[in-house]
Amino acid sequence: MKILLAPLDPVHDAGLKLIKRKLEALGYACVLLPPDIAVEEIGEAAIAEKVDMIFVGRTVGYGVEQLFRRVRHVLTAQGVFDKVRVAIGGMAVTDELAKSLGFEAGYGPHTKIEEIRALIEKNPDLARHITHPVKNKPKFPFPHDNTVKNSTTKHLLDEIVDGILDWTADKTSPGVVRAHITESQLQDVQGSVESYTALPFTRDYLAQCDEAVVDFFQKNICPPSVRQITQKEVEAYIRRIDIAKKNFHPRVLQHGRTKPLVFVQYGTGCPMMDGMHIKVAESWGADGVLHFDPAWGARTEGLMDGFLTNAEDGTPVTYANLSLIRRSLDAATLWTVRAHRGLNTPEIAVLSGFLGADLSKINIVYGSICGGTDPARLTVDGVDAIRTAARYKMPFDIPTNEELAGVPPQKAFAGMLIMAQLGRRLGAQPILKPLLCHGPYIMVNELMEQNYVDYNFAKIRALQTLADFPIWPGEPIGFMTHTEEKEQSATTTALHAAMCSSLGVDAITTASTDEAFSRGPITADGRVGALRAIEEAFRFFGETDVVPTAKADEWREEIIAGINHTLQAVVKAPSFVDALYQGILGDKADGVYPGRAGKNSVVTVPKPAKSGQWDVAPAVVRKKTVATAKPVPPAALPARRRR
């Protein structure tokens with residue numbers, strides 16, 4: 001086959017030169033015309049050279065439609081257009097434009113040679129790995145020893161974890177009771193939303209719920225800002241998402257390296273809008289997504305159900321909502337449902353595990369001092385949730401977002417390592433999630449005045465020195481370095497991503513470019529802007545590294561010393577829970593204080609027969625109404641989950 005390459009540009013023909021070289025390497029005969037030719041010369045050359053196909057290229061993007069319309073007109077008049085296959089390419093050229101003008105195909109500046117070969121041979125399968133790539137779900141987290149390497153740190157952590165397990169062994173809570181009721185009933189569910197909503201209501205479950213949740217089930221009253229999504233809306237969404245999935249083509253952000261994976265948060269308030277945001281994020285390379293639920297949900301005893309939408313940030317956690325979101329996901333996308341900071345932590349862990357979430361999020365410390373939940377309550381609930389995560393083989397990440405309030409990294413990291421060691425003791429897979437931010441403590445102490453690199457390097461290197469757990473900076477990277485300028489936000493996100501790549505972390509969480517200032521809805525365009533910037537940063541740096549100054553090593557040692565000092569103070573406290581109340585892991589001077597939601601709701605139950613058998617969850621007291629629960633009237637109860 002003989003191919004004519006014709007550049008319609010005064011001076012530039014670099015693109016067609018590159019195509020010529022690659023096509024000739026594949027065995028095709030090519031003729032390249034010089035630049036600055038008249039349109040008529042293309043047809044004349046095609047006749048003289050007896051070519052089978054013509055590629056016309058245009059480097060400059062303006063006026064392409066008018067120019068290529070004239071190309072067709074001239075080639076038709078010369079008797080060439082109907083005898084020779086013609087395709088076009090260049091800036092501002094799309095396949096849609098080309099076909100609307102009558103050409104066989106059109107290609108933009110990022111076209112691969114495999115796509116051109118597939119057109120020449122009329123065999124789409126030759127480029128299917130490019131036009132319809134297959135993305136496999138990563139085995140995440142990546143392999144680690146999951147051990148604490150520093151002997152001093154390990155000894156302190158083990159002593160603290162022993163105390164946590166001793167303290168929680170004879171305690172339960174409304175959240176634990178609900179989780180165990182839900183998990184026992186899930187054995188009868190065949191996987192459909194309908195079978196779950198038809199589960200019988202139990203007096204036990206309602207007895208552990210707040211009045212708002214009881215009213216939802218008994219009186220069909222939704223809380224403020226919440227409404228039920230109609231079946232018609234759900235059916236319309238399913239049709240739309242099935243079309244989106246059918247036409248979905250994934251994208252890979254990493255360039256050369258396999259990590260970090262890139263996650264985005266979702267939680268628009270509506271599970272259907274979440275699904276569409278997820279498809280946008282997946283299309284532009286996101287490897288995973290995180291479910292963000294409403295703040296009021298963390299302070300409410302009990303979960304509602306059905307398809308619900310929330311007018312504010314955060315999408316309600318329900319079996320139906322999670323099922324709908326799961327249906328929206330590509331098979332390669334990792335899915336996290338956070339359970340880490342509220343009164344429904346154990347039950348959310350159960351639903352997440354049962355519905356096949358890949359990951360969860362649990363942090364007793366952050367939820368107790370910055371998330372608003374009583375330390376005693378969340379300690380009991382957190383231990384139960386970690387056990388659930390272990391049963392479902394669901395790794396959990398441990399965010400240190402208390403830094404946003406002003407807690408020093410050494411305190412936040414001490415709490416994170418306690419959670420990690422607790423997770424390992426209970427047979428789960430913890431993931432460290434340090435926050436890379438320009439937070440209050442860092443601002444006050446001027447730790448990032450010169451650059452954002454040194455202190456962030458020090459934080460990650462401190463954790464890597466002490467232990468070998470997976471590390472996943474979030475939530476998101478670069479928090480409090482973004483501004484309302486979307487270009488700036490995309491840039492700082494991308495630079496933080498490149499820094500994380502150099503640090504060898506396993507994953508990162510990114511914000512959209514309009515998420516940092518929360519003055520309006522998160523847009524699909526904002527998500528794309530951040531992901532494109534990260535892709536470009538990964539391409540720019542490739543396998544090269546960002547290198548800090550010597551100051552990073554100095555700060556790393558200070559952070560390690562601070563972590564061990566904090567752990568020693570926790571050991572000296574009467575208990576881990578007392579340490580939280582006393583502010584050892586973050587106090588009012590740091591901008592945090594013990595939460596009050598769920599206070600006095602922990603119930604003592606008989607201890608296990610044999611001391612030390614901590615791998616078995618404590619017995620659940622059924623039909624037990626705790627002091628803060630609302631009793632259920634003896635009237636007949638409706639179905640536990642309404643359609």
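Here goes a summary of the coordinates provided. Source: prediction; values computed, not measured. (Residues numbered from 1 in each chain as written. Predicted model: local features only at pLDDT ≥ 70, side-chain atom pairs only at ≥ 80, totals over all residues. Heavy atoms only, no water.)

## As for the overall build of the chain
We apply this condition: Secondary structure elements are defined from DSSP: runs of H or I of at least 4 residues count as helices, runs of E of at least 2 residues count as strands, and each element is numbered from the N terminus. Contact between two residues is taken to exist if any of their heavy atoms lie within 4.5 Å; hydrogens are not considered. Note on areas: Shrake-Rupley with a 1.4 Å probe; residue coverage comes only from the protein chains shown. In this charge count, Lys and Arg are treated as positive and Asp and Glu as negative; neither His nor the chain ends contribute. All charge positions are set by atom: Lys at NZ, Arg at CZ, Asp at CG, Glu at CD.
What the chain contains, in helices and strands, is 25 helices and 18 strands. Principal-axis analysis of the C-alpha atoms places the extent of the chain at approximately 95 × 65 × 40 Å. At a minimum sequence separation of 6, the contacts of the chain that also span at least 24 residues come to 79%. In the form shown here, the chain has an accessible surface area of approximately 26,800 Å², with 53% of it arising from carbon and sulfur atoms. Side-chain charges of the chain comprise 73 positive and 75 negative groups, with the mean position of each set lying 5 Å from the other.

## Brief notes about the environment of Pro 223
What counts, and what does not: To sort residues, take the accessible area from a 1.4 Å probe on protein chains only and compare it with the maximum for the residue type: under 20% means buried, over 50% means exposed, and anything in between is partly exposed.
Among the structural elements, Pro 223 can be located in the loop between helix H11 (211–219) and strand S7 (226–228). Residue classification places Pro 223 among the buried positions, given a relative accessible area of 15%. A C-alpha to C-alpha distance of 66 Å links Pro 223 and Pro 10, two positions 213 residues apart in sequence.

## Side note on the pairing of strand S14 (residues 430–433)
Where we set the bar: When DSSP locates at least two bridges between a pair of strands, those strands are taken to pair. Looking down the strands as they point away from you, a crossover is right-handed if its path from the first strand over the helix to the second goes clockwise.
Both faces of S14 are covered, namely the face carrying Pro 430 and Leu 432 and the face carrying Ile 431 and Lys 433. Relative to S14, strand S13 (residues 396–399) runs parallel, the two being bridged by 4 bridges. Across the sheet, residue Pro 399 finds its bridge partner in S14, namely Lys 433. Read as a crossover between parallel neighbours, the route from S13 over helix H19 (residues 409–425) to S14 is right-handed.

## Describing the sheet that holds strand S5 (residues 106–107)
Worth spelling out the cut-off: Only the contacting stretch of a helix is used when fitting its axis, a line to C-alpha atoms as for every element, and angles between N-to-C directions run 0 to 180 degrees.
Reading across the sheet, the 5 strands line up as S2-S1-S3-S4-S5 and stay open at both edges, with parallel pairing between neighbours. A strand with exactly one partner marks an edge of an open sheet, and here the two such strands are strand S2 (29–32) and S5. Here strand S1 (residues 2–7) pairs with strand S3 (residues 53–58) via 5 bridges, running parallel. Bridging from a neighbouring strand, Leu 4 pairs with Ile 54 of S3. This element, helix H5 (residues 113–121), spans S1, S3, strand S4 (85–90) and S5 of the sheet and lies at about 145° to S3.

## A look at helix H7 (residues 151–168)
So the rule is basically this: Any helix carries an expected span of 1.5 Å times its number of residues minus one.
Taking 1.5 Å of rise per residue, the 18 residues of H7 would be expected to cover 26 Å, and the 26 Å separating its terminal C-alpha atoms lies within 8% of that figure. Those residues of H7 that fall on the buried side of the exposure criterion are Thr 153, Leu 156, Leu 157, Asp 158, Ile 160, Val 161, Ile 164, Leu 165 and Thr 168.

## Some remarks on the packing of helix H2 (residues 39–49) against helix H3 (residues 64–77)
Inclusion rule: Here the angle decides the label: under 35 degrees means roughly parallel, over 145 means roughly antiparallel, 65 to 115 means roughly perpendicular, and every other value means oblique. Helix crossings get a hand from a simple test, with the near helix turned counterclockwise from the far one by less than a right angle marking a left-handed crossing and a clockwise turn marking a right-handed one. Residue classes follow a fixed rule: Ala, Val, Leu, Ile, Met, Phe, Trp, Tyr, Cys and Pro count as nonpolar, while Asp, Glu, Lys and Arg count as charged, and any other residue, Gly among them, counts as polar.
In the contact formed by H2 and H3, the axes pass within 9 Å of each other and the chain directions differ by 45°. By the angle class used here, H2 and H3 are oblique. Considering only the axes of H2 and H3, their crossing is right-handed. Across the interface between the two elements, Val 39, Glu 40, Ile 42 and Gly 43 from H2 touch Arg 70, Val 71, Val 74 and Leu 75 from H3. Counted by class, the contact of H2 with H3 contains 5 nonpolar, 1 polar and 2 charged residues.

## Some remarks on H2
Here is the rule we go by: Of all possible arcs, the one meant is that of the directions from the helix axis to the C-beta atoms.
Considered for burial, the residues of H2 that qualify are Val 39, Ile 42, Gly 43, Ala 45 and Ala 46. Angular distribution of buried residues about the axis of H2 spans 160°; they occupy a single face of the element. In H2, the exposed positions angled more than 90 degrees off the buried face are occupied by Ile 47 and Ala 48. Buried-residue contacts for H2 involve S1, S3 and H3.

## Structural notes on the pattern of salt bridges
Rule in force here: The term salt bridge refers to a side-chain nitrogen of Lys or Arg lying within 4 Å of a carboxyl oxygen of Asp or Glu.
Throughout the structure, instances matching the rule amount to 39 salt bridges. Close ionic contact of Asp 514 with Lys 486 constitutes a salt bridge, the shortest N to O distance being 3.8 Å. With a gap of 28 residues between them, Asp 514 in the loop between strand S17 (507–510) and helix H23 (524–541) and Lys 486 in helix H22 (residues 486–503) connect regions that are remote in the sequence. With a closest N to O distance of 3.8 Å, Arg 556 and Asp 553 form a salt bridge. Placement of the pair is Arg 556 and Asp 553 together in helix H24 (residues 551–572), with a separation of 3 residues, close to one helical turn.

## A closer look at the nonpolar core
Going by this rule: Residues belong to a common nonpolar core when they are buried Ala, Val, Leu, Ile, Met, Phe, Trp, Tyr or Cys residues joined through side-chain atoms within 4.5 Å.
If you look at the biggest cluster of nonpolar residues, it comprises 121 residues, and the most contacted ones within it are Trp 335, Ile 418, Leu 422 and Phe 576. For this core, the element with the most residues is H19, which contributes 9 residues. Discounting chain neighbours no more than four positions away, the residues touching Leu 422 are Val 161, Ile 164, Leu 165, Ile 364, Val 383 and Ile 386. Within the second largest apolar cluster, 29 residues are counted, among which are Ile 37, Ile 54, Ile 88 and Phe 103.

## Focus: the side chain of Asp 287
In plain terms, the rule: Distance and chemistry together define a polar contact, namely a pair of N or O atoms within 3.5 Å, with one atom able to donate a hydrogen and the other to accept it when in protein, and with adjacent residues in sequence counting only for side-chain atoms on both sides.
Inspection of the secondary structure puts Asp 287 in the loop between helix H13 (271–283) and strand S9 (288–291). Note on Asp 287: relative accessible area 4%, which makes it buried. At 3.0 Å, the side chain of Asp 287 and the side chain of Lys 135 are in polar contact. Excluding its chain neighbours within four sequence positions, the residues that come into contact with Asp 287 are Lys 135, Gln 254, Leu 261, Val 262, Ala 332, Thr 333 and Leu 334.

## Re the sheet that holds S13
The strand order across the open sheet formed by 7 strands is S14-S13-S12-S11-S9-S8-S17, and the pairing between neighbours is parallel. Since the sheet does not close on itself, it has two edges, and those belong to S14 and S17, each with one partner. The mean inter-strand angle of the sheet, taken between neighbouring strand axes irrespective of direction, is 25°. Of the pairings in the sheet, the one linking strand S12 (residues 359–361) to S13 comprises 2 bridges and is parallel in character. Pairing of Ser 360 across the sheet is with Phe 396, part of S13.

## Things to note about the environment of Glu 96
Tracing the chain through its elements places Glu 96 in helix H4 (residues 95–100). You can call Glu 96 exposed: its relative accessible area is 61%. Linking Glu 96 and Phe 396, residues 300 residues apart in sequence, is a C-alpha distance of 45 Å.

## Here we look at unusual backbone geometry
Trans peptide bonds make up the majority, and among non-glycine residues the majority have a negative phi. Phe 140 connects to Pro 141 through a cis peptide bond whose omega is 5°. Within the fold, Pro 141 resides in the loop between helix H6 (128–131) and H7. Along the chain, Gly 474 connects to Glu 475 via a cis peptide bond; the corresponding omega equals 0°. Here the phi dihedral of Asn 146 falls at roughly 55°; this positive angle occurs in a residue that is not glycine. We classify Asn 146 as buried; its relative accessible area is 12%. Even without glycine at this site, Asn 600 takes up a positive phi of about 65°. For Asn 600, the position within the fold is in the loop between helix H25 (576–582) and strand S18 (603–604).

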